[in-house]
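If you want the building blocks of each chain, they are given just below.
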Amino acid sequence: MGKLALVAVTILGGATLAFAAGDNKNAEKKAQAVIMKRCTSCHSAERINAAFKAGRDMNAIEHEMEKKGAKLSDKEKSTLDFYWNKAPVLKK
Ligand code: HEC
C-alpha cells in the first residue's frame, strides 16, 4: 500500500467520524422524513419500524423495495443506510 492510499484511508476515516458525531442525533429524524416521503405510498411506516426493531436486515429490505419500485436518491439512500446501521435502535 502506497503513501497515497494511506492518506486516502485517513481522510475517509476522518470524514466518517465527523459524520457520525455531527449527524447521529439527527439521523432518526432525517431517516423518518425519507421514509415518510419514499416508503409509505405502498405500506405504513409502522411496518418498516417493526422490521427495524425486530433486527431485520434493513439494507437487504431496502434493496428489495427498490426492486419493487421505491425511488431513492443517493442522498436518501445514504441517510437510510446510516440510520439502519448506526442509529440506536428505535425506542419502543
Ligand atoms: C412500490 C411499493 C413499495 C414501496 C415504495 C416500498 N415498499 Fe416496502 N413493501 C412493498 C410490498 C409490496 C411489501 C410486501 C412484501 C411481502 O409481504 O412480501 C413490502 C414490505 C416491506 C417490509 C416488510 C418486509 C418483511 O419481510 O416483513 C418492509 C420492512 C419494507 N417494505 C420497507 C420499505 C422501505 C424501507 C421502503 C422505502 C425505502 C419501502 N418499503 C418502500 C412495497 C413497497
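Note that this is a predicted model, so its numbers are computed, not measured. (Residues numbered from 1 in each chain as written. Predicted model: local features only at pLDDT ≥ 70, side-chain atom pairs only at ≥ 80, totals over all residues.)

A word on the overall build of the protein. Summing up its helical and strand segments, the protein has 4 helices and 0 strands in all. Along the protein, helices (α) and strands (β) appear in the sequence α-α-α-α when read from the amino end. Every one of the 92 residues in the protein was classed for burial, and the buried ones make up 8%. Within the protein, contacts between residues separated by at least 24 positions form 72% of all contacts whose residues are at least 6 apart in sequence. (Helix = DSSP H or I, 4+ residues; strand = E, 2+ residues; numbered from the N terminus. Buried ≥ 20, exposed ≤ 12 C-beta atoms within 10 Å, placed from the backbone. Contact = placed C-beta atoms within 7 Å.)

In this section: the site of the ligand. In the vicinity of the ligand lie 15 residues, with Cys 39, Cys 42, Ala 51, Gly 69 and Ala 70 positioned nearest. If you tally residues by element for the shell around the ligand, the top one is helix 3 (residues 58–68), at 4 residues. Looking at the shell around the ligand, its residues break down into 8 nonpolar, 3 polar and 4 charged. (Near = placed C-beta within 6 Å. Nonpolar A, V, L, I, M, F, W, Y, C, P; charged D, E, K, R; others polar.)

All right, on to helix 4 (residues 74–86) then. In a regular helix each residue adds 1.5 Å, so 13 residues correspond to 18 Å; helix 4 covers 18 Å between its end C-alpha atoms and thus fits that length. Buried residues of helix 4: Thr 79, Leu 80 and Tyr 83, and no others. Looking down the long axis of helix 4, one finds its buried residues gathered within 90° of arc, a one-sided arrangement. Exposed side of helix 4, more than 90 degrees from the buried face: Asp 74, Ser 78 and Asn 85 are the residues found there. (Expected span 1.5 Å × (residues − 1). Arc of directions from axis to C-beta.)

All right, on to the confidence of the model for the protein then. Looking at the protein, the pLDDT average stands at 81 and 66% of residues meet or exceed 70. Averaged pLDDT values for the elements of the protein fall to 68 in helix 1 (residues 3–38) and rise to 97 in helix 3. (pLDDT = per-residue confidence, 0-100.)

Within the fold, Ala 31 resides in helix 1. Accessibility expressed as a C-beta count within 10 Å gives 21 for Ala 31, which makes it buried. As a C-alpha pair, Ala 31 and Glu 76 span 45 residues in sequence and 7.9 Å in three-dimensional space.

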